[in-house]
Amino acid sequence: MRIGMLGPLEVRATDGTEVAVPGARLRALLTVLALEPGRTVPLARLVDAVWGAGSPERPANAVQALVSRLRKAGIEVEARQGGYRLVIEPDAVDVIEFERLMHEGQRREALELCRGPALLEVRNEEYFAAWVAKLDELRFTAMEDGSVAELTELVAGNPLRERLVGALMRALAADNRSADALTLYERTREALAEQLGADPSPELSELHTEILRGVPDATTNLRAALTSFVGRGQDVDDVRRLVGEYRLVTLTGPGGSGKTRLAVEAGRGMPGEVWFVDLAVRTGKDDVPQAILGTLKIRDLAALRTRSALLILDNCEHLIDTVAHLAEELLGDCPSLRILATSREPLGITGEAVRPVEPLPLPPADARLAEAVAYPAVRLLLDRAHPGFVPTQAVVRICRALDGIPLAIELAAARLRTMTAAQVAARLADRFRLLTQGSRTALPRHRTLRAVIDWSWDLLSEQEKTVLCRLAVFSGGATLDAAEQVCGPADVLTALAEKSLVVAGDRYRMLDTIQAYCLERLDDPREARHAHAEYFIGLAETADPHLRRAEQVEWLKTIHAEDDNINAALRAATDAATAVRLTAAVSWYWLLEWSLRCRKVPGVSLGARALSLPGDVDDGFRATASAAIAQFNLLGNGDEKQALVWIGTARQLGGRHPLVRLVSAGPTDADDPWVRAMAGLHEALRSINAGRPDEPGLEAALGEFRVLGERWGIANALSNLADLASWRGDLPTAIARYQEAITVTEEIVPREDAWKPRLRLAQLLWLHGDPDASAAALRTAEHDAARIGLPDAMTAAAYTKADIARWSGDLGTARTELAKAQTLVEGRTVNWGFRATLLDLRGYLTGDRADALAWAQRAQSAPLIAHVLIGHADQALREGNYDEAARLLGKSVEVRGTPDLSHPDAARVTRAVASPPR
């Protein structure tokens, strides 16, 4: 057995397999025993190491219980008088072998044992402090001969260890980077003075002098990087190109987006003099020129007239007017001077090229870890995490929650030293309390996430603060019109966008982190949310009648874009008047979304909540909301009994809205052509579901919908007419109808949302003898279902593929796809009719037809019941009961009201019962 503690605790058996040691206390006990292999460790020390100050009531029993668990894991521990002993050879413990190799002077061999900082899991425990200090010192000594990259990383985590700093200075000087070595010395000297009140050691000062003697006049003051530069390679190239083309380039972006680091990295590759001027701590008008003079060690800015130099003016936002005027003056007087500025807003002068610094690219929310690690935001988190950190899926949630902001990600990485990734991700709802462990040497405003935003907030006017906070109540951003009505003037919004606090485009958006900050500071949340809800009530009420006419094409897109805002307004509403009126306004939109996209909409839960809120509500609004929510429940999405109550309420209250008139008496006499068309469609579908095919009724409804230009109605009528055509064996007509239905559907929703009619089209094409076209339609539908990730769509695609495979005789594929479909529906609420079709298919493949007919009957659909009865007839045929097969087949025709001449199983069973064996 071998035990590793130079990094995360690792135990491996003789054959190399890992031995699991679960639980923090069990791992702490093994650690303390392994630090003294073969020696008895007294009970008191074991208790102190494992429990610290919180000793258990019966310490001997508690330790014994842990030892028993170690033994069960195959780790040999002996009980000795007064303590326990780990039975293992000393060199089988990496810490002991590491110490031996270091004492023998074999540094490189010793380093090869290190997988990260020693005693990683117990580094912060008081008992192990002496061990941690000793092993760290040995590791640092071993790494003194390391490369520049290795030493840079080590110094970044230990900036006050002068031996390490000295080693890095020597490595930099040997690499012809003496200027970086001298910069490192200055930074270390400042850190020692600020944090310890001490000067550098004589040894470090002497090394500084040695390097200084060999350095010519400096042409830059850029410091050596202490960490790798992740995910900005293309950005660096872009900035260098811009600096070559323009004499003034300003990098803009929100706090923590990495403007400074990008400017420095770009400056490293620029020819000639490059000087970094930090304006963060400058406050007065005269401080800016003084900062430049001090950095370049010149007495007058006129000295720049004959010099070819690049000035990096960092953190300009709080002195924006002063910097702008000085930059314009310098660029006019100094023809060979270029300026690269960083600021949360542009300088706003002639000739300026503005380059926004965006947050790092993020993986999709559903990206797997193996895919996510290729994205810069995740790469940065992993790069800054402690050595030995093992990434999990939670790193995706962390990076996405933090908007890809580099500083926020680095603050989260610091937390990973004491928390798991899952724990950090779960606590990011309270991100401002969590992310508070920035570098001690960083500017105060970069040490915590809150301080990053505080800096920008303090620079805003009161009006800007008000507008920004009110914008935070939006979910998914706001159009200009919405933002103006709820928040304030457009010029203020534009100013906030210029200051990198708002992302402008077709919508005004905020990063989640800035939104969370502003919601905390919102003075009157109730008033802001009421204004937000009122805006979307007005928008939805305007859109509602257009959603039943040809204008549906544009208005459906408009309202769909506001899904998040509408849902947020309903969730936040506390008064019935607001909630019910908004529910009524979006009710038909919700029904369209459910029908067209087959996606769950919040109509059931949010609508029911709105109707349950106390307070007076206009009768017409309550009637409309009740009628709509009843429809959702009747469509298999909820409580049917409650739906009947809501329908009763809608009829009692009355109203002019089309949804109310549809559930009231006499809709066919309505003067609204849409109500007439919809009533006709409903009546025809009720007849079909009752076993009385009504093709004339569907044709009449289709004609009315065509006059209106209402695509949903057209597509719905076409699909049902196609099914009737297929029943009578007219497959060309059925295929043409479905193709038109798909075309019409794609006019109002994206192509991938037309997967349902496309799957039925694939079946009809196969039945018509065109397997290639069928396979193409099926592939498209499968791809679309996978792209939108909708479980219902993926289930239906698997079912269709299985059904076609069964018809083709490929039973292996049929069983595989059916198993996939069944897995997808496990634990989910599935439409009754679809559950019946899955069970019906299972019957063909396994002979198990349990519950298929019961679910079909529950769906109250005659065509579906007839479809399942064909399967039962097939089962009877397999069992040799030809009379029963004939009876069930006849019952299927009776229930549907017509035979299904396109059904291959019905045709097969019909032929078989017509000529039974004698």
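Described below are features of the structure shown in this document. Everything numeric in this text was worked out from a predicted model, so none of it was measured.

1. Quick word on the overall build of the chain
Next up, step 1: What the chain contains, in helices and strands, is 46 helices and 10 strands.
Next up, step 2: The C-alpha extent of the chain, read off along each of the three principal axes, is 105 × 80 × 55 Å.
Next up, step 3: Evaluated residue by residue, the chain yields a buried proportion of 51% over its 918 residues.
Next up, step 4: In the chain, the proportion of contacts linking residues at least 24 apart, taken out of those at least 6 apart, comes to 66%.
Next up, step 5: In the structure as shown, the chain presents an accessible area of about 41100 Å², 50% of it carried by carbon and sulfur atoms.
Next up, step 6: Distance from the positive charge centre (108 side chains) to the negative charge centre (125 side chains) of the chain: 4 Å.

2. Structural notes on the packing of aromatic side chains
Next up, step 1: Within this structure, the stated rule accounts for 9 aromatic pairs.
Next up, step 2: Ring geometry for Tyr-535 against Phe-536: centres 5.0 Å apart, planes inclined by 90°, an arrangement best described as edge-to-face. Phe-536 matches Tyr-535 in its accessibility class, with the two residues each being buried.
Next up, step 3: Where Trp-588 meets Trp-674, the ring centres are 4.9 Å apart and the plane angle is 75°; that geometry is what we call edge-to-face.

3. Section: the nonpolar core
Next up, step 1: One finds Leu-381, Ile-398, Leu-468, Leu-471, Phe-474, Trp-588 and Trp-590 to be the most contacted residues of the largest nonpolar core, which totals 138 residues.
Next up, step 2: In this view, Leu-471 contacts Ala-478, Ala-483, Cys-487, Leu-493, Val-502, Tyr-508 and Met-510; residues no more than four positions away in its chain are not counted.
Next up, step 3: In this structure, Ala-62, Val-67, Val-122 and Leu-207 belong to the second largest nonpolar core, which totals 71 residues.

4. Overview of the sheet that holds strand β7 (residues 273-278)
Next up, step 1: Pairing in this open sheet of 5 strands is parallel, and the strands run β7-β8-β9-β6-β10 from one edge to the other. Of all the strands in the sheet, just β7 and β10 (352-356) have a single pairing partner and so form its edges. Each adjacent strand pair in this sheet contributes to an overall mean axis angle of 20°, direction not counted.
Next up, step 2: Two elements, strand β8 (residues 309-314) and strand β9 (residues 337-343), share 5 bridges in a ladder whose sense is parallel. Counterpart to Ile-312 in the pairing with β9 is Leu-340.
Next up, step 3: Sitting on the sheet, helix α11 (residues 233-245) is in contact with β6 (248-252), β8, β9 and β10, with an inclination near 135° to β9.

5. Digging into the sheet that holds strand β3 (residues 40-42)
Next up, step 1: Read from one edge of the open sheet, 3 strands run β3-β5-β4, paired in antiparallel fashion. Looking at strand neighbours, the two that pair on one side only are β3 and β4 (77-80), the edges of this open sheet. With strand direction ignored, the average angle separating the axes of adjacent strands in the sheet is 30°.
Next up, step 2: Pairing analysis gives 3 bridges linking β3 to strand β5 (residues 83-86), with the strands arranged antiparallel. Paired with Pro-42 across the two strands is Gly-83, which belongs to β5.
Next up, step 3: Where helix α1 (residues 24-34) meets the sheet, it contacts β3, β4 and β5, and its direction lies at approximately 75° from that of β5.
Next up, step 4: On the sheet, helix α3 (residues 59-72) packs against β4 and β5 and is oriented at approximately 150° with respect to β4.

6. As for the side chain of Ser-500
Next up, step 1: With respect to the helices, strands and loops of the structure, Ser-500 is situated in the loop between α24 (490-498) and α25 (512-521).
Next up, step 2: Separated by 2.8 Å, the side chain of Ser-500 and the backbone oxygen of Arg-344 make a polar contact.

7. As for helix α2 (residues 43-51)
Next up, step 1: For α2, the complete set of buried residues consists of Leu-46, Val-47, Ala-49, Val-50 and Trp-51. Down the axis of α2, the smallest arc covering the buried residues is 165°, so these residues share one side.
Next up, step 2: Contact partners of the buried residues in α2: α1, β3, α3 and β5.
Next up, step 3: Backbone geometry just after α2 places Gly-52 at a positive phi near 60°.

8. Brief notes about the pairing of β7
Next up, step 1: Counting buried positions over the 6 residues of β7 gives 5, a clear majority of the element.
Next up, step 2: Tracing the backbone out of β7, into helix α13 (residues 287-296) and back to the parallel element β8 gives a crossover that is right-handed.

9. Some points on unusual backbone geometry
Next up, step 1: Positive phi, close to 65°, is recorded for Asn-315, a residue that is not glycine.
Next up, step 2: Inspection of the secondary structure assignment puts Asn-315 in the loop between β8 and α14 (320-333).
Next up, step 3: The phi dihedral of Asp-403 falls on the positive side, at around 65°, and the residue is not glycine.
Next up, step 4: Judged by relative accessible area, which is 9%, Asp-403 ranks as buried.

10. Structural notes on the environment of Leu-196
Next up, step 1: With respect to the helices, strands and loops of the structure, Leu-196 is situated in helix α9 (residues 178-196).
Next up, step 2: Residue Leu-196 is classed as exposed on the basis of its relative accessible area of 55%.
Next up, step 3: As for Leu-196 and Ala-44, which are separated by 152 residues in sequence, their C-alpha atoms are 36 Å apart.
Next up, step 4: If near-sequence neighbours (up to four positions away) are discounted, Leu-196 is found in contact with Leu-160 and Ala-191.

What counts and what doesn't
- Residues numbered from 1 in each chain as written.
- Predicted model: local features only at pLDDT ≥ 70, side-chain atom pairs only at ≥ 80, totals over all residues.
- Heavy atoms only, no water.
- Helix = DSSP H or I, 4+ residues; strand = E, 2+ residues; numbered from the N terminus.
- Buried < 20%, exposed > 50% of the residue type's maximum accessible area, 1.4 Å probe, protein only.
- Contact = heavy atoms within 4.5 Å.
- Areas by Shrake-Rupley, 256 points an atom, 1.4 Å probe, with all protein chains shown as cover.
- Lys, Arg positive; Asp, Glu negative; His and termini not counted.
- Charge placed at Lys NZ, Arg CZ, Asp CG, Glu CD.
- Phe/Tyr/Trp six-rings, centres within 6.5 Å; stacked < 30°, edge-to-face > 60°.
- Core = buried A, V, L, I, M, F, W, Y, C linked by side-chain atoms within 4.5 Å.
- Pairing = 2+ DSSP bridges.
- Axes fitted to C-alpha atoms, helices over the stretch in contact; angles between N-to-C directions.
- Polar contact = N/O pair within 3.5 Å; in protein donor to acceptor, adjacent residues only side chain to side chain.
- Arc of directions from axis to C-beta.
- Right-handed = clockwise from strand over helix to strand, strands pointing away.

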